[in-house]
Amino acid sequence: MAFRIVKLSPNLVRMMSTNATKVGFIGLGQMGNRMATNLMNKGYKLNVYDISAEACDVMKSKGAEVYKTTQELAKNSEFVVTMLPNNDIVKNTYEDMIKDGVNNNTMFIDSSTVDPAVSQYVQQIVKSAGASFVDAPVSGGVMGAQNATLTFMVGGTPEEFEKVKDFLGGMGRKITHCGTYGMGEAAKICNNMMLAISMIGTAETMNLAIRLGLDPKVFNEIINVSTGRTWASEVNNPVPGLSPGTPPSNDYKGGFSTALITKDLGLASSVATASNSPILLGGLAHNVYRLLCTHDLGNKDFSVVYDFIKKQTEKK
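What follows concerns helix α2 (residues 32–41). Judged by how many residues are buried, α2 sits mostly within the fold: 8 of 10 residues are covered. For α2, every residue scored as buried is listed here: G32, N33, M35, A36, T37, N38, L39 and M40. Once α2 finishes, G43 follows within two positions and takes phi at roughly 100°, a positive value.

Below you can see the structure in the form of structure tokens.
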């Protein structure tokens, strides 16, 4: 008897080995589309929604089902992940999504970066509707979303954390339970404040070193084996050419936008005021990025702060 070897298409392989779990994904921007794609690659069936028809079409071409309303998406999904820009959009999305009821077994996961109070509010209305919710913001940027190496900071009960841990592992490498509702957001806001401060510090330091005559590549190698090492110097150095394949080496396109880091620093300022916590450098960083936004740099990666500083010093 003769046997013939048949090569199966990647899509067919996914269908044959699929985890039958249906996942709804709302928000298909720079981060969301990559996170959703990784879930599809893990064999999940994806239901997607975004206000951008183009973003939906891209996911549809990969095999996702596009929904016209968040209500229908939620009713046909066992997990629903939201990745949205700000407090108001998150609140409005959840209020609209659950207004006609939800399935009791649906787990809602918000990976947006918002005020912890927003997460606590959303958890209450989702629980009142009969379903479950955790906040699970991420760190790792576009590259982490692309490579499924994100860090997830989860706020919820221990039981809820266990329910989402393996699922989130389809999009990330490190999944940490931070405490009750809103504590994932608290961790993310504090982390992003540190990120903003360190990026400005790296930008100022690199600019000074170059103006003193140091070779930027040599000096960056010194930083990265010394006490000055940061994520900004090692992974996303703001000087073009030092970190190939990153936004600074691509005219600061893509990545984590200046507008978003400014928004996150605004959140840090708000929660710092509410908790009577001084954030001297956090406040200064907020002002720096607000200034960049007034110079039409809001859509550039936040490492563009180096280019801004460099041009300011060149004028003098």
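Here the narrative resumes, following the displayed structure.
Here we take up unusual backbone geometry. Even without being glycine, N276 reaches a positive phi, approximately 55°. Note that N276 resides in the loop between α12 (258–274) and α13 (280–294). Since its relative accessible area comes to 70%, N276 is described here as exposed. For D296, which is not glycine, the phi dihedral falls at a positive 60°. You can see D296 is positioned in the loop between α13 and α14 (305–314). On the accessibility criterion, D296 (68% relative accessible area) is exposed.

What follows concerns the packing of helix α9 (residues 183–211) against α12. Contact geometry for α9 and α12: axes closest at 9 Å, N-to-C directions at 120°. Judged by the angle between their axes, α9 and α12 are oblique. Classified by chirality, the crossing of α12 by α9 is left-handed. Here I189, N192, M193 and A196 of α9 lie close against α12, whose contacting residues are I261, D264, L265, L267, A268 and V271.

A complete count under the given rule lists 6 aromatic pairs for this structure. Ring centres 4.2 Å apart and planes at 10° place the aromatic pair F79 and F167 in the stacked group. Taken as a pair, F79 in strand β4 (residues 79–82) and F167 in helix α8 (residues 158–168) lie far apart in primary sequence, 88 residues in all. Note on accessibility: F79 and F167 belong to one class, buried. Each ring, one from Y94 and one from F108, has its centre 6.0 Å from the other, and the planes form 65°; the classification is edge-to-face. With Y94 in helix α5 (residues 87–97) and F108 in strand β5 (residues 107–110), this pair connects stretches of sequence that are 14 residues apart. Members of the aromatic cluster, connected to one another through ring pairs, are Y44, F79 and F167. Taking the ring centre of Y121 as reference, the NZ or CZ of K91 above it sits at 5.3 Å.

Criteria and thresholds
- Residues numbered from 1 in each chain as written.
- Predicted model: local features only at pLDDT ≥ 70, side-chain atom pairs only at ≥ 80, totals over all residues.
- Heavy atoms only, no water.
- Buried < 20%, exposed > 50% of the residue type's maximum accessible area, 1.4 Å probe, protein only.
- Helix = DSSP H or I, 4+ residues; strand = E, 2+ residues; numbered from the N terminus.
- Axes fitted to C-alpha atoms, helices over the stretch in contact; angles between N-to-C directions.
- Parallel < 35°, antiparallel > 145°, perpendicular 65-115°, else oblique.
- Left-handed = near helix turned anticlockwise from the far one by under 90°.
- Contact = heavy atoms within 4.5 Å.
- Phe/Tyr/Trp six-rings, centres within 6.5 Å; stacked < 30°, edge-to-face > 60°.
- Lys NZ or Arg CZ within 6 Å of the ring centre and 35° of its normal.

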